[in-house]
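Listed below are the residues making up each chain.
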Amino acid sequence: MGRSDHYTDFNQQRKAAWKPDLEPKTVLFSFLGIGLCFIPIGLGLLMASDSVQEKVLDYTYCLRVPQLDDLTLAGPASSYLTCAGYSAYGRCVCEVSLPLPEGLQGNVVIFYALSRFYQNHRHFLKSKDELQLLGQVGPVSSNCYPFDYRNGSTIVPCGSFANALFNDSIQLLSNNQPIPLAKTGLAWSGEKALFKNPQGHALNESYANYVAPPAWTKNIWDLDPETAFNNGLENEDFIIWMRPSAFPNFRKIFRRLDQSVGPYSDGLPAGNYTFRIEYNYPVIGYGGRKFLVVSNASAFGGKNPFLGYAYIATGSCLVLLALVLFIVHVKWGIREDEAIDVRKTDPYYF
């Protein structure tokens with residue numbers, strides 16, 4: 001190839017191309033049109049968010065309900081009135097009231113929320129074994145250290161991420177009767193494909209020589225023994241927890257109201273409800289807090305006014321910018337009959 005081969009119309013960007021003629025009126029009307037479209041979209045999103053009813057309950061320092069086995073504990077444990085302090089000594093149960101004088105209509109969802117928990121920390125985020133989560137039984141990844149081995153046995157699931165699994169047990173009651181809550185169908189189908197159990201044997205046989213993370217009170221095959229497709233690494237509570245949050249204050253879906261049961265087909269009727277919580281998950285050690293969020297959903301999801309405000313702010317800025325550009329053009333702009341016609345001076349303009 002000769003040197004002249006590099007000097008072609010294609011290499012020198014002299015091929016025919018569309019060049020937009022950005023006249024003042026074109027730019028002004030574009031900004032104005034986009035801005036006027038964004039503002040009503042933002043208002044619609046904001047109205048949809050405002051239509052969502054939401055109850056937030058802080059249960060970090062919930063008062064413990066005395067249990068029969070409390071009698072076996074002596075010493076400083078008896079002085080704690082809240083589960084935040086008492087749970088370090090033994091099983092602690094507390095109750096949180098949920099008054100709904102007007103009920104909660106529609107699809108009712110329960111979230112748990114944590115504050116000051118940095119799931120997005122780099123070392124925490126990578127502390128897991130992707131192949132292990134896909135059901136491959138074998139050597140554990142070094143990323144899981146120090147939660148890779150326990151008493152000489154491999155931990156399943158390994159790593160800090162899995163070890164910190166949220167493990168409070170929560171029931172919703174009405175007149176001391178449990179409300180039916182769905183525990184499946186909550187995780188995204190795409191993320192469920194990243195978690196698989198070993199095939200060919202029962203879970204307790206596949207993981208017979210493995211141990212649970214040190215912070216767990218259950219084995220991997222006991223997460224939901226009543227529902228085979230929701231047990232082990234395919235447990236949806238575990239899958240949702242392993243979805244990293246971008247911010248230190250976050251919420252994750254916990255349960256959905258089972259509306260197939262007659263009285264709850266339209267949501268939660270008006271009344272007084274109670275959450276009964278087995279308090280296991282410690283947060284006060286790092287200055288965090290725990291919440292329960294009960295919400296219904298709109299067509300755009302839960303209560304989140306940010307997107308509506310973002311559309312309104314962007315649309316308003318575009319309209320304001322169009323107004324400023326119009327004023328600048330009127331006062332200091334060049335008239336069209338005074339402007340140089342680029343098409344007559346640019347030999348490569350098509």
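Being a predicted model, the structure only gives us computed values, none of them experimental.

Caption draft 1: Focus on the sheet that holds strand E9 (residues 181-182). Taken in spatial order, the 5 strands make up an open sheet running E1-E13-E4-E10-E9, and their pairing is antiparallel. Edge positions in the sheet fall to strand E1 (54-58) and E9, since each has one partner strand and no second. Sheet topology places strand E4 (residues 108-114) next to strand E13 (residues 290-296); 7 bridges connect them, and they run antiparallel. What sits directly across from phenylalanine 111, in E13, is valine 293.

Caption draft 2: Quick peek at the packing of aromatic side chains. Using the criterion set out here, one finds 16 aromatic pairs in the structure. Here tryptophan 216 and phenylalanine 238 contribute two aromatic rings whose centre-to-centre distance is 6.1 Å and whose plane-to-plane angle is 75 degrees, an arrangement assigned as edge-to-face. Of this pair, tryptophan 216 sits in the loop between helix H7 (203-206) and helix H8 (236-241) while phenylalanine 238 is found in helix H8, placing the two residues 22 residues apart along the sequence. Across the pair, phenylalanine 238 and tryptophan 216 agree in class, each one buried. Pairwise contacts between aromatic rings join Tyr112, Phe117, Phe124, Phe161, Phe166, Trp241, Phe250, Phe254, Tyr281 and Tyr286 into one cluster. The lysine or arginine in question, arginine 255, covers the ring of phenylalanine 254, its NZ or CZ lying 4.2 Å from the ring centre. Above the face of the tyrosine 279 ring, lysine 290 is positioned so that its terminal group lies 3.3 Å from the ring centre.

Caption draft 3: View of helix H1 (residues 24-50). With 27 residues, H1 extends 39 Å from end C-alpha to end C-alpha; this agrees with the ideal 39 Å at 1.5 Å per step. Within H1, burial applies to Leu28, Gly35, Gly42, Leu45, Leu46, Ala48 and Ser49.

Caption draft 4: Structural context of the state of the cysteines. The final tally for this structure, using the stated rule, is 3 disulfides. With its sulfur 2.1 Å from that of its partner, cysteine 62 forms a disulfide with cysteine 94. On the S-S bond that ties cysteine 62 to cysteine 94, the torsion sits near -75 degrees, and the link is left-handed. Of this pair, cysteine 62 sits in the loop between E1 and helix H2 (83-86) while cysteine 94 sits in strand E2 (residues 93-100), and the two are 32 residues apart along the sequence. Of the residues examined, cysteine 62 reaches a relative accessible area of 6% and is grouped as buried. Given a relative accessible area of 0%, cysteine 94 falls into the buried group. Two residues, cysteine 83 and cysteine 92, share a disulfide whose sulfurs are 2.0 Å apart.

Caption draft 5: Up close: unusual backbone geometry. In this structure, proline 146 follows tyrosine 145 across a cis peptide bond, with omega equal to 10 degrees. Locating proline 146 in the fold gives a position in the loop between helix H4 (130-133) and strand E5 (149-150). A cis geometry characterises the amide bond from valine 156 onward to proline 157, with omega recorded as -5 degrees. Looking at the secondary structure, you find proline 157 in the loop between strand E6 (153-154) and helix H5 (160-163). The phi torsion at asparagine 175 lies on the positive side, around 55 degrees, for a residue other than glycine. Mapped onto the elements of the fold, asparagine 175 is located in the loop between strand E7 (169-174) and strand E8 (177-178).

Caption draft 6: Broad picture of the nonpolar core. Membership of the largest hydrophobic core comes to 63 residues, with the highest contact counts inside it found for Tyr59, Phe238, Trp241, Leu268, Phe275 and Tyr279. The residues contacting tyrosine 279, other than those within four sequence positions of it, are Tyr59, Thr60, Cys62, Cys83, Ala84, Ser87, Cys92, Cys94, Asp168 and Lys290.

Caption draft 7: Here's a closer look at the sheet that holds strand E12 (residues 271-278). Read from one edge of the open sheet, 4 strands run E2-E12-E7-E8, paired in antiparallel fashion. Edge positions in the open sheet fall to E2 and E8, since each of these has one partner strand only.

Caption draft 8: The arrangement of the pairing of E7 in detail. In this structure, E7 lies alongside E12, joined through 5 bridges in antiparallel fashion. Within the sheet, the bridge partner assigned to glutamine 171 lies in E12 and is arginine 276. Between the end of E7 and the start of E8, which pair antiparallel, lie 2 residues, with asparagine 175 showing a positive phi angle near 55 degrees.

Caption draft 9: The arrangement of the packing of H1 against helix H9 (residues 306-332) in detail. Interhelical geometry of H1 versus H9 gives an angle of 155 degrees and a closest axis separation of 7 Å. On the basis of their axis angle, the class for H1 and H9 is roughly antiparallel. In the packing of H1 onto H9, the handedness of the crossing is left-handed. For the contact of H1 with H9, a count of residues per class yields 23 nonpolar, 7 polar and no charged.

Caption draft 10: Main features of the pattern of salt bridges. Scanning the entire structure with this criterion turns up 10 salt bridges. Its salt-bridge partner being glutamate 236, residue lysine 192 comes within 3.4 Å of it at the nearest N-O pair. Of this pair, lysine 192 sits in helix H6 (residues 189-192) while glutamate 236 is found in helix H8, placing the two residues 44 residues apart along the sequence. Judged by relative accessible area, glutamate 236 falls into the buried class, the value being 2%. Linking arginine 255 and aspartate 237 is a salt bridge whose minimum nitrogen-to-oxygen distance equals 3.0 Å. Here arginine 255, found in strand E10 (residues 250-257), pairs with aspartate 237, found in helix H8; they are 18 residues apart in sequence, far enough to count as distant. Residue class for aspartate 237 comes out partly exposed when judged on its relative accessible area of 24%.

Cut-offs used in this document
- Residues numbered from 1 in each chain as written.
- Predicted model: local features only at pLDDT ≥ 70, side-chain atom pairs only at ≥ 80, totals over all residues.
- Heavy atoms only, no water.
- Pairing = 2+ DSSP bridges.
- Helix = DSSP H or I, 4+ residues; strand = E, 2+ residues; numbered from the N terminus.
- Phe/Tyr/Trp six-rings, centres within 6.5 Å; stacked < 30°, edge-to-face > 60°.
- Buried < 20%, exposed > 50% of the residue type's maximum accessible area, 1.4 Å probe, protein only.
- Lys NZ or Arg CZ within 6 Å of the ring centre and 35° of its normal.
- Expected span 1.5 Å × (residues − 1).
- Disulfide = S-S within 2.5 Å.
- Core = buried A, V, L, I, M, F, W, Y, C linked by side-chain atoms within 4.5 Å.
- Contact = heavy atoms within 4.5 Å.
- Axes fitted to C-alpha atoms, helices over the stretch in contact; angles between N-to-C directions.
- Parallel < 35°, antiparallel > 145°, perpendicular 65-115°, else oblique.
- Left-handed = near helix turned anticlockwise from the far one by under 90°.
- Nonpolar A, V, L, I, M, F, W, Y, C, P; charged D, E, K, R; others polar.
- Salt bridge = Lys/Arg side-chain N within 4 Å of Asp/Glu carboxyl O.

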